[in-house]
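Examining the three-dimensional arrangement
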Amino acid sequence: MDVIIESLPQYWDGFLRTLFLAVVSGIIALIFGTLLAAARVSPIAALRGFSMAYVEIVRNTPLTIAFFFAAVVLPRLGVTFQQFEVAAIIALSAYTSAFIAEAVRSGVNSVPIGQAEAARSIGMKFSQVLSLIILPQALRTVIPPLINILIALVKNSSVAGAFYVLELFGYGKQLANEHGDAVMSVLIGVAFFYLLITVPLGYLATVVERKVAIAR
Amino acid sequence: MTSVLYDVPGPKARRISLIGSIIGVIVIAAIVVLAIMTLARQGIFEGQRWAIFGQADVWSLILNGVGATLSAAAVAAVIAFPLGLLLCLMRISDVAWIRIPTRIVLEFLRGMPVVLMMLFVLLVFATSSFVAVVAGLVLYNSAIFAEIIRAGIQSLPKGQREAGLAIGLTSFQSRLTIELPQAIRRMLPSLVAQLVVLLKDTSLGYIVAYGELLRAVQVMADFLGPQFLFPVFFVAAAIYIAINLAVSRLAIWIERRGSKKAAGGMAHVPVAGTVPAK
């Protein structure tokens, strides 16, 4: 226990960096993922194809490979980052946006056909149908799965700790090396800080699920 | 292709769409060409960098990595599935002192990064990295399997359980002989999709120094020299993606086949899970 109290500053620093990674990559992924979902249902074939290929490939790529590419392979190819956080954010948001695109698309499919038909019959064009009628309803139904994706994102950010970013997991590894006799308490401390983010988010997902469940 | 989201395109819209497509293709092609030119300037396409794939040693290292990846995934899946079943039965048990602690444990396991569990097993129990990887995967995925099967049981019509109880089965017998078989069958696509996640997560073994495919890439790059990093990485990533794509296709195939055959149909779950669990 003493180890945890002693190293609270490190834990706190790591906790904040984990939050930072998750929030920034989460926002980028939400925007990019929604755009990908919009491209997937658009009338332009090239956009559809691109979105489909991106989602299919990225969902089947292990996150560690994405991180390895961003943090180890890219610098060798001359793309260097001032900070490894940038590589981590690129890997995390590229990975997560594929899952967000898939969730939003399933939300678009869940909106009753009549909604789009009504919108078209009053003369709206595709971009209006999507942004004014379909997406607001779709996003509402996919909030619980989106929260689950964000929970996964928080947990996934731990991979950054293995690629030179000192977030919770990175500090955990470091502290475990320094305190060889108290490895267990060190790692339980790390686990506690992760649960501090993931458990409330999970609870939020359940509550929202009950609230937004609209009877159709 | 027609969609309810837009009118069937007329000649003008088709022209605009075609122009849009051409511009899109040109932009993507430009990015690809730019990337290839950047790579070429680094000398990536020099023949000797790729010539290493003519050597048997390189392939044996890669195949070792693939074998290590697949064996960790297979062992973990074989242990995690029965454990998941057990956890599911405990989670929905009628006995509160079994149900509530199980719920807390499941909540805990699901909220934890897999790589942290691997590191925990590796350092605290001083096991080999193989055991650490398998243990991390088993702990996490058995919790997910339990939740998937529980969702399957809850999606069954109430009458199934009531009928079971009415003909005098005990609660446990009804779960085991009536509800579980239907639930597993219903959730088969999600269960296979979770296997993709499990397979992907073996790559976390890289972090705890397990000799899987990505670790093999690192070892080769250290051994042969940094100029070979990109070719080896490229081949390894392609192998990973090919294996995962194959399993994803299997999940889709099972879902299609199942929805034709099964009377109640299958629960539709997007392949690879809407939840990118890890």
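Computed from a predicted structure; not experimentally measured. (Residues numbered from 1 in each chain as written. Chains lettered and ligands numbered in written order. Predicted model: local features only at pLDDT ≥ 70, side-chain atom pairs only at ≥ 80, totals over all residues.)

Quick word on the overall build of chain A
Scanning chain A from N- to C-terminus turns up 10 helices and zero strands. Taking the principal axes of the C-alpha coordinates as reference, chain A spans close to 70 × 45 × 25 Å. Taken over 216 residues, chain A has a buried fraction of 50%. For chain A, the proportion of contacts with a sequence separation of at least 24, taken over those separated by at least 6, is 76%. (Helix = DSSP H or I, 4+ residues; strand = E, 2+ residues; numbered from the N terminus. Buried ≥ 20, exposed ≤ 12 C-beta atoms within 10 Å, placed from the backbone. Contact = placed C-beta atoms within 7 Å.)

Let's talk about the overall build of chain B
When helices and strands are counted, chain B shows 11 helices and zero strands. Listed N to C, the secondary structure of chain B is α-α-α-α-α-α-α-α-α-α-α in terms of helices and strands. A globule of 278 residues ought to have a C-alpha radius of gyration of about 19 Å, yet chain B, at 24 Å, is considerably larger. When the backbone C-alpha atoms are referred to their principal axes, chain B occupies close to 75 × 65 × 30 Å. For chain B, buried positions account for 40% of its 278 residues. Contacts in chain B between residues far apart in sequence, at least 24 positions, make up 73% of those at least 6 positions apart. (Rg over C-alpha atoms; globule rule 2.2 N^0.38 Å.)

As for the interface of chain A and chain B
Chain A puts 55 residues into the contact, and the matching count from chain B is 49 residues. Secondary-structure elements contributing two or more residues to the side of chain A that touches chain B are α3 (45-59), α4 (63-76), α5 (84-110), α6 (113-121), α7 (126-141), α8 (143-156), α9 (168-178) and α10 (183-212) of chain A. With 10 residues, the top contributor of residues to the side of chain A that touches chain B is α10 of chain A. Here the residues of the side of chain A that touches chain B sort into 37 nonpolar, 11 polar and seven charged. (Nonpolar A, V, L, I, M, F, W, Y, C, P; charged D, E, K, R; others polar.)

Some thoughts on the nonpolar core
Ranked by size, the top nonpolar core spans 139 residues in total, and within it Ala 91 of chain A together with Leu 116 and Met 118 of chain B carry the most contacts. With 15 residues, α5 of chain A is the single largest residue contributor to this core. Discounting chain neighbours no more than four positions away, the residues touching Leu 116 of chain B are Ser 158, Phe 169, Gly 172, Leu 187, Val 190, Ala 191 and Tyr 194 of chain A. (Core = buried A, V, L, I, M, F, W, Y, C linked by C-beta atoms within 7 Å.)

Here we look at unusual backbone geometry
Trans peptide bonds make up most of the peptide bonds, and negative phi angles are found at most residues other than glycine. The backbone of Tyr 164 of chain A sits at a positive phi, close to 70°, despite the residue not being glycine. Positionally, Tyr 164 of chain A belongs in the loop between α8 and α9. The class of Tyr 164 of chain A is partly exposed, set by 14 C-beta atoms lying within 10 Å. Positive phi outside glycine occurs at Ala 126 of chain B, with the angle close to 50°. Mapped onto the fold, Ala 126 of chain B is located in the loop between α5 (114-124) and α6 (129-154). The exposure class of Ala 126 of chain B is exposed, given the 10 C-beta atoms found within 10 Å.

Some words on the confidence of the model for chain A
The predicted coordinates ought not to be read in detail in places where the model reports low pLDDT. With 98% of its residues at a pLDDT of 70 or more, chain A shows a mean pLDDT of 89. Per-element mean pLDDT across chain A ranges from 82 in helix α1 (residues 2-6) of chain A up to 94 in helix α2 (residues 8-40) of chain A. (pLDDT = per-residue confidence, 0-100.)

Digging into the confidence of the model for chain B
Residue and element names in this part refer to chain B. When pLDDT is averaged along chain B, the result is 86; 92% of the residues meet or exceed 70. Summarising per-element confidence for chain B, the mean pLDDT is lowest in helix α2 (residues 47-51) (76) and highest in α6 (94). A low-confidence stretch, residues 269-278 (pLDDT under 50), is modelled with 41 contacts involving residues beyond four sequence positions or located in other chains. Scored as a whole, the predicted complex attains pTM 0.86, and scored at its interfaces, ipTM 0.87.

Details of the packing of helix α3 (residues 56-91) of chain B against helix α4 (residues 96-110) of chain B
All names here are of chain B. Taken N-terminus to C-terminus, the directions of α3 and α4 make an angle of 130°; their axes are 8 Å apart at the nearest point. As summarised for this structure, α3 and α4 are arranged oblique, according to the angle between their axes. Contact with α3, carried on its side by Leu 87, Met 90 and Arg 91, involves Ile 98, Arg 99, Thr 102, Arg 103 and Leu 106 of α4 and no other residues of that element. (Axes fitted to C-alpha atoms, helices over the stretch in contact; angles between N-to-C directions. Parallel < 35°, antiparallel > 145°, perpendicular 65-115°, else oblique.)

Some remarks on the environment of Phe 50 of chain A
Relative to the assigned elements, Phe 50 of chain A resides in helix α3. On a C-alpha basis, the gap between Phe 50 of chain A and Ala 39 of chain A in space is 8.2 Å, while along the polypeptide they are 11 residues apart. When residues no more than four places from it in sequence are discounted, the contact partners of Phe 50 of chain A are Ala 39 of chain A together with Gly 24 and Ile 28 of chain B.

What about the packing of α4 of chain B against α6 of chain B?
Between two packed helices, the angle of one axis relative to the other and the distance separating the axes together describe the packing. All names here are of chain B. Put simply, α4 and α6 touch, their axes get as near as 9 Å, and they point 120° apart. Classified by the angle between their axes, α4 and α6 sit oblique to one another. Note that α4 runs across α6; the crossing there is left-handed. Touching Leu 106, Leu 109 and Arg 110 of α4 are Leu 139, Tyr 140, Ala 143, Ile 144, Ala 146 and Glu 147, all from α6. For the contact of α4 with α6, the class distribution of residues is seven nonpolar, no polar and two charged. (Left-handed = near helix turned anticlockwise from the far one by under 90°.)

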